[in-house]
Number of protein chains: 2
Amino acid sequence: MEKLYTEMTTEELLTEKEALEKRYNDFKARGLALDMSRGKPGADQLDLSNAINHISDYVVNGVDYRNYGILDGIPGCKELFAELMGVESKNVIIGPNASLTLMFDYISQCFTHGAGSTPWCKLDKVKFLCPVPGYDRHFTILEHFGIEMINVPMNDEGPDMDVVEELVGDESVKGMFCVPKYSNPTGIVYSDEVVERIAALNPAAEDFRIIWDNAYCVHDLVENAPKLVNIFDVLPKYNNEDMVIEVCSTSKITFPGAGVSAIIASDNNIAAIKKRLNAQTISYDKMNQYRHVAFFKNADGILEHMKKHAAILKPKFDVVISHLEGELAGKGIAKWVNPLGGYFISLDVLEGCAKRVGELCKEAGVTLTPVGATYPYGIDEKDSNIRIAPSYPPLDELELASELLCICVRLAACEKLLEV
Amino acid sequence: MEKLYTEMTTEELLTEKEALEKRYNDFKARGLALDMSRGKPGADQLDLSNAINHISDYVVNGVDYRNYGILDGIPGCKELFAELMGVESKNVIIGPNASLTLMFDYISQCFTHGAGSTPWCKLDKVKFLCPVPGYDRHFTILEHFGIEMINVPMNDEGPDMDVVEELVGDESVKGMFCVPKYSNPTGIVYSDEVVERIAALNPAAEDFRIIWDNAYCVHDLVENAPKLVNIFDVLPKYNNEDMVIEVCSTSKITFPGAGVSAIIASDNNIAAIKKRLNAQTISYDKMNQYRHVAFFKNADGILEHMKKHAAILKPKFDVVISHLEGELAGKGIAKWVNPLGGYFISLDVLEGCAKRVGELCKEAGVTLTPVGATYPYGIDEKDSNIRIAPSYPPLDELELASELLCICVRLAACEKLLEV
């Protein structure tokens, strides 16, 4: 049985620290340069989709996808996403190469034109709820528009709904960002009850909008993966269809730099988005849409393809998890969830130690996501959360990086506990 | 020598009208369905770029263009546009598949964040100058944001600069849309003097912005085509570098639905746009950028390619112009410019007749750009301007459509003159 660090004597901690420092310095001497900072697929994952480029004919049923037109996406691509996401194709608009742009543009539209009510730029204060830890690029969008971000704690089933239900009573709270499946970074899947309570929300703001960023909708690492309730099946029960804007993309299915994104919304919201799009573009890239349709054929084609990704990714997650379990379990200095999908492992280290872990890793040549990035304004008040992105480095590098990370977590904990 | 319609007697007009009606009815009986409404390239033009898809390796100098990153465009693509437009590559950002989106997004950014001054959404009134006739999609953007559009007459050298210089004295006038080369629709190229006077403007609004939509920068129909002065060479003389935002794209070089666009701006403006982009996307489609670089190699590659477009387009323009000259010259009922590039022929018919011409054409199966579309709010007060788009129909259809158009112009003129 491991001994809890918190129960160690000063002498024991000093001995532990000395041993860790020796291991740490050995690592440092090797001059590593490893990167676990972003959820980038590896080159072998990208190779899985190379055949997508081998299309030579882009004229389909007499319609030339090389030319202008078809604002909301080619029918085949709308149907592909509709089938995948369990909605009607009339509720789908195909977007550009990144769902991030769809989210930014939608928030921008709410600022300049509102969401059926006063344009948000005309209001003194606009606030958004941010389940934390969360995705830094969501926070960047909100910060760009000067939206005040309010932290909502995440638990194993999703955002703490007691907190959410209370906060939406404030009329200036206009929305919430969610990553409902394999949450970035905690990796959990929103429970049926949480999805139901979200769908049932009765916010003071009639133009309250939930950005349902379903980035990892089919990104399972295991068979019999957890299922996320389709929120659009639940919303009608509460007359809340207009409250949710869902996005997804093939960024981590085909190519991060050249995928296809989709926005899924109610009839009202689709109409409002199309009105804006009619001024913003003539169409997104239909040739790329068609490449995806021709490559995948249907939703099953995507699901089969995702098994190939999982075969590459699962061993990488296993490496990190086995190091965490081997080196950090039972010491009372770290917590994590073993995710069944998505791109991240969220590691909570001893409070007040995350920044130090980041520094130690960096000094020894391993780059982590900047500590704090998983919180609005980059402020993790507990200085505890670290996001690990195991997808990009090859397995051998990941072994080294994981071992080093664990050493740093233990070392920072020793230092912290010796401070007292 | 042709007789001017305005000098015909009533009897002569009635005889003329009767003859035209006979020809018109013959056309109507043929049940045509021809389209001269939009500046769509023909399928043979699109075929010129099909080889662009035959790239199999997207890893360049160790950088994987399939993956995330490179916010402002791959170096090769920035250099390609920099060379083509005569600017430095640091002043270029590569955009999505349409420059329309770059323009919309920039205006949106001015609304939410301003252009170095108060965000436009915080102002009671924002006005833009619109040289007329002009491009309907510019007007759609302005209308979307509730920007008041003020008509500025176009002449053979560009916008009437006396009018422009006076109007920019109003601080609420925040900008102007220009298509400086082969203006849409008049086809003229801004003269050196007009470009100089634009660059020298001293607007009351310090955040005055000219959207320099150089959509037809290399779209010559003839050799020794007219040259447009590079406004970025002139702006520094007047310390006005920040006043102009230039855009261009390969929409009418490669594929309208899947080209690459670019925005060209001063260091200050590039920094402000990048700041927004950093929240809006991770990168635009780098694989498509690389396809374009690999296909064209350099600016000369683009210029050579444009000669192939000209070889297809010039005969189409010639068909329309020869009909206009043969049927409408010397009658005092129509004026047009024979454009040396671009995508349109702008035809001014007898005042009060353009709508009627549109109706007559439509009834006989020829679709024109909706009459009025070339003016803000769709209001052509003189009811005189018709935009002809000869690029899309095959030559034989264009012969028919042009003949019919001329008949309708003459018929509408007879009707009008007989009203009095």
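So, a few notes on the structure that sits alongside this text. (Residues numbered from 1 in each chain as written. Chains lettered and ligands numbered in written order. Predicted model: local features only at pLDDT ≥ 70, side-chain atom pairs only at ≥ 80, totals over all residues. Heavy atoms only, no water.)

**Structural notes on the overall build of chain A**
Then, number 1: Scanning chain A for helices and strands turns up 13 helices and 15 strands.
Then, number 2: In terms of C-alpha radius of gyration, chain A reaches 23 Å, essentially the compact-globule figure of 22 Å for 420 residues.
Then, number 3: For chain A, the C-alpha atoms occupy an extent of roughly 75 × 50 × 35 Å along the three principal directions.
Then, number 4: By residue count, 62% of the 420 residues in chain A fall in the buried class.
Then, number 5: Of all intrachain contacts in chain A linking residues separated by at least 6 positions in sequence, the fraction that spans at least 24 positions is 77%. (Helix = DSSP H or I, 4+ residues; strand = E, 2+ residues; numbered from the N terminus. Rg over C-alpha atoms; globule rule 2.2 N^0.38 Å. Buried < 20%, exposed > 50% of the residue type's maximum accessible area, 1.4 Å probe, protein only. Contact = heavy atoms within 4.5 Å.)

**Things to note about the packing of helix α1 (residues 10–29) of chain B against helix α13 (residues 395–419) of chain B**
Packed helix pairs are characterised by how far apart their axes lie and by the angle those axes make with each other.
Residue and element names in this part refer to chain B.
Then, number 1: Between α1 and α13, the least distance of the axes is 9 Å, while the angle of their chain directions is 145°. Remark: the crossing between α1 and α13 carries left-handed chirality. Taken together, the residues of α13 that come into contact with α1 (itself represented by T10, L13, L14, E16, K17, L20, E21, R23, Y24 and F27) are L400, E403, L404, I407, C408, R410, L411, C414, E415, L417 and L418.
Then, number 2: Considered class by class, the residues forming the contact of α1 with α13 number 13 nonpolar, 1 polar and 7 charged. (Axes fitted to C-alpha atoms, helices over the stretch in contact; angles between N-to-C directions. Left-handed = near helix turned anticlockwise from the far one by under 90°. Nonpolar A, V, L, I, M, F, W, Y, C, P; charged D, E, K, R; others polar.)

**Observations regarding the relation of the copies chain A and chain B**
Then, number 1: Note on the identical chains: chain A maps onto chain B by a rotation of 180° and an axial translation of 0.0 Å, with an RMSD of 0.0 Å. Overall, the copies show the geometry of a two-fold rotation axis.
Then, number 2: Here 100% of the contact residues of chain A are again contact residues in chain B; the copies associate through an equivalent surface. (Least-squares fit on C-alpha atoms with pLDDT ≥ 70 in both.)

**Structural notes on the pairing of strand β6 (residues 148–155) of chain B**
All names here are of chain B.
Then, number 1: Across 6 bridges, the pairing between strand β5 (residues 127–132) and β6 is parallel. Residue pairing across strands places P131 opposite V152, the latter belonging to β6.
Then, number 2: With respect to chirality, the unit in which β5 leads through helix α5 (residues 136–144) into the neighbouring parallel β6 is right-handed.
Then, number 3: Pairing geometry for β6 and strand β7 (residues 158–159), over 2 bridges, is antiparallel. Across the sheet, N155 pairs through a bridge with G158, a residue of β7.
Then, number 4: Between β6 and β7, which pair antiparallel and follow one another directly, the connecting turn spans 2 residues. (Pairing = 2+ DSSP bridges. Right-handed = clockwise from strand over helix to strand, strands pointing away.)

**With respect to the packing of aromatic side chains**
Residues and elements named next belong to chain A.
Then, number 1: Counted according to the given criterion, the structure contains 21 aromatic pairs over all chains.
Then, number 2: Here Y216 and Y343 contribute two aromatic rings whose centre-to-centre distance is 6.0 Å and whose plane-to-plane angle is 25°, an arrangement assigned as stacked. With a gap of 127 residues between them, Y216 in the loop between β9 (209–213) and α8 (231–234) and Y343 in the loop between β12 (334–336) and β13 (345–349) connect regions that are remote in the sequence.
Then, number 3: Taking relative accessible area as the criterion, Y216 reaches 4% and is therefore assigned buried. (Phe/Tyr/Trp six-rings, centres within 6.5 Å; stacked < 30°, edge-to-face > 60°.)

**Some points on the side chain of T250(A)**
Residues and elements named next belong to chain A.
Then, number 1: In this fold, T250 is placed in the loop between β10 (244–249) and β11 (261–264).
Then, number 2: Its relative accessible area of 2% is what places T250 among the buried residues.
Then, number 3: Leaving out residues up to four positions away in the same chain, T250 has contacts with F81, F255, G259, V260 and H292.

**Some remarks on helix α11 (residues 299–328) of chain A**
Residue and element names in this part refer to chain A.
Then, number 1: Along its length, α11 reaches its greatest deviation from straightness, about 30°, at A310.
Then, number 2: Regarding α11, its N-cap is N298, as a side-chain oxygen of that residue lies 3.2 Å from the backbone nitrogen of D300 further along.
Then, number 3: A positive backbone phi angle near 75° is found at G330, which sits one or two residues after α11. (Bend = angle between axes of the 7 residues up to and from the residue. Polar contact = N/O pair within 3.5 Å; in protein donor to acceptor, adjacent residues only side chain to side chain.)

**Topic: the interface of chain A and chain B**
Then, number 1: Taken together, the contacts link 53 residues of chain A with 53 residues of chain B.
Then, number 2: For D47(B), the salt bridge identified is with R66(A), shortest N-O distance 2.7 Å.
Then, number 3: The interface formed by chain A and chain B includes 23 residue pairs in polar contact (both at pLDDT 80 or more).
Then, number 4: When residues of the side of chain A that touches chain B are traced back to their parent elements, those giving at least two are α2 (43–47), α4 (99–113), α5 (136–144), α9 (267–280) and α10 (286–296) of chain A.
Then, number 5: Ranked by residues supplied to the side of chain A that touches chain B, first place goes to α4(A) with 8 residues.
Then, number 6: Class assignment of the residues belonging to the side of chain A that touches chain B gives a composition of 22 nonpolar, 18 polar and 13 charged. (Salt bridge = Lys/Arg side-chain N within 4 Å of Asp/Glu carboxyl O.)

**Brief notes about the sheet that holds β13(A)**
Residues and elements named next belong to chain A.
Then, number 1: Pairing is antiparallel across the open sheet formed by 3 strands, whose spatial order is β12-β13-β15. Each edge of the sheet is formed by a strand with only one pairing partner; in this case those strands are β12 and β15 (385–388). The average undirected angle you get between the axes of adjacent strands in this sheet is 25°.
Then, number 2: Two elements, β12 and β13, share 3 bridges in a ladder whose sense is antiparallel. Among the inter-strand pairings, K335 is bridged to a residue of β13, identified as D348.
Then, number 3: Docked against the sheet, α11 engages β12, β13 and β15, running at close to 20° with respect to β13.

**Here we look at the packing of helix α4 (residues 99–113) of chain B against helix α9 (residues 267–280) of chain B**
All names here are of chain B.
Then, number 1: Their axes nearest at 11 Å, the elements α4 and α9 cross at an angle of 95°. In terms of orientation, α4 lies roughly perpendicular with respect to α9. Residue-level contacts link D105, Y106 and Q109 of α4 to N269, A272, I273, R276 and Q280 of α9.
Then, number 2: The residue makeup of the contact of α4 with α9, split by class, is 3 nonpolar, 3 polar and 2 charged. (Parallel < 35°, antiparallel > 145°, perpendicular 65-115°, else oblique.)

**Describing the sheet that holds β7(B)**
Residues and elements named next belong to chain B.
Then, number 1: If you walk across this open sheet you meet the 8 strands as β4-β11-β10-β9-β8-β5-β6-β7, and the pairing is mixed. On the outer flanks of this sheet lie β4 (92–94) and β7, each paired with one strand and no other.
Then, number 2: Strand contacts of helix α3 (residues 75–85): β4, β10 (244–249) and β11 (261–264), with the helix running at about 130° to β4, the strand carrying the most contacts.
Then, number 3: Its contacts with the sheet place α9 against β4, β9 (209–213), β10 and β11, and it is angled at close to 25° to β4.

**A few points about α5(A)**
Residue and element names in this part refer to chain A.
Then, number 1: Of all 9 residues in α5, 7 are buried; the element is thus mostly enclosed.
Then, number 2: Among all positions of α5, only D136, R137, H138, F139, I141, L142 and H144 are buried.
Then, number 3: Positive backbone phi, approximately 70°, marks G146, located one or two places after α5.

**Some details on the state of the cysteines**
All names here are of chain B.
Then, number 1: If you walk through the whole model with that rule in mind, you get 0 disulfides over all chains.
Then, number 2: Distance from the sulfur of C361, which forms no disulfide, to the nearest cysteine sulfur (C408) is 3.8 Å.
Then, number 3: A disulfide-free cysteine, C414 has its sulfur positioned 9.4 Å from the sulfur of C353, the nearest such atom.
Then, number 4: On the basis of relative accessibility, which here comes to 0%, the residue C414 falls in the buried class. (Disulfide = S-S within 2.5 Å.)

**A short note on the pattern of salt bridges**
Then, number 1: Taken as a whole, this structure holds 56 salt bridges over all chains when the rule is applied.
Then, number 2: Three or more residues joined by partner-sharing salt bridges are found here, namely E16(A), R23(A), E327(A), E403(A) and R410(A).

**Some words on the pairing of strand β8 (residues 173–178) of chain A**
Residues and elements named next belong to chain A.
Then, number 1: With 6 of 6 residues buried, β8 lies mostly within the body of the structure.
Then, number 2: Here 4 bridges tie β8 to β9, and the two strands are oriented parallel to one another. Bridge pairing in β9 places C178 opposite W212.

**Points about unusual backbone geometry**
Then, number 1: Of the consecutive residues N184(A) and P185(A), the connecting peptide bond is found in the cis state with omega at 10°.
Then, number 2: You can see P185(A) is positioned in the loop between β8 and α7 (192–199).
Then, number 3: Cis geometry is adopted by the peptide bond preceding P133(B), which originates at V132(B) and carries an omega value of -5°.
Then, number 4: Structurally, the position occupied by P133(B) is in the loop between β5 and α5.
Then, number 5: Phi is positive for D383(A), close to 45°, though the residue is something other than glycine.
Then, number 6: Take D383(A): it is sitting in the loop between β14 (366–368) and β15.
Then, number 7: Taking relative accessible area as the criterion, D383(A) reaches 15% and is therefore assigned buried.

**Examining the side chain of E327(A)**
All names here are of chain A.
Then, number 1: One can find E327 in helix α11.
Then, number 2: In this structure E327 comes out as buried when scored by relative accessible area, which is 11%.
Then, number 3: In this structure the side chain of E327 is engaged in a polar contact, spanning 2.8 Å, whose partner is the side chain of R410.
Then, number 4: When near neighbours in sequence (up to four residues on either side) are disregarded, E327 contacts R23, E403, C406 and R410.

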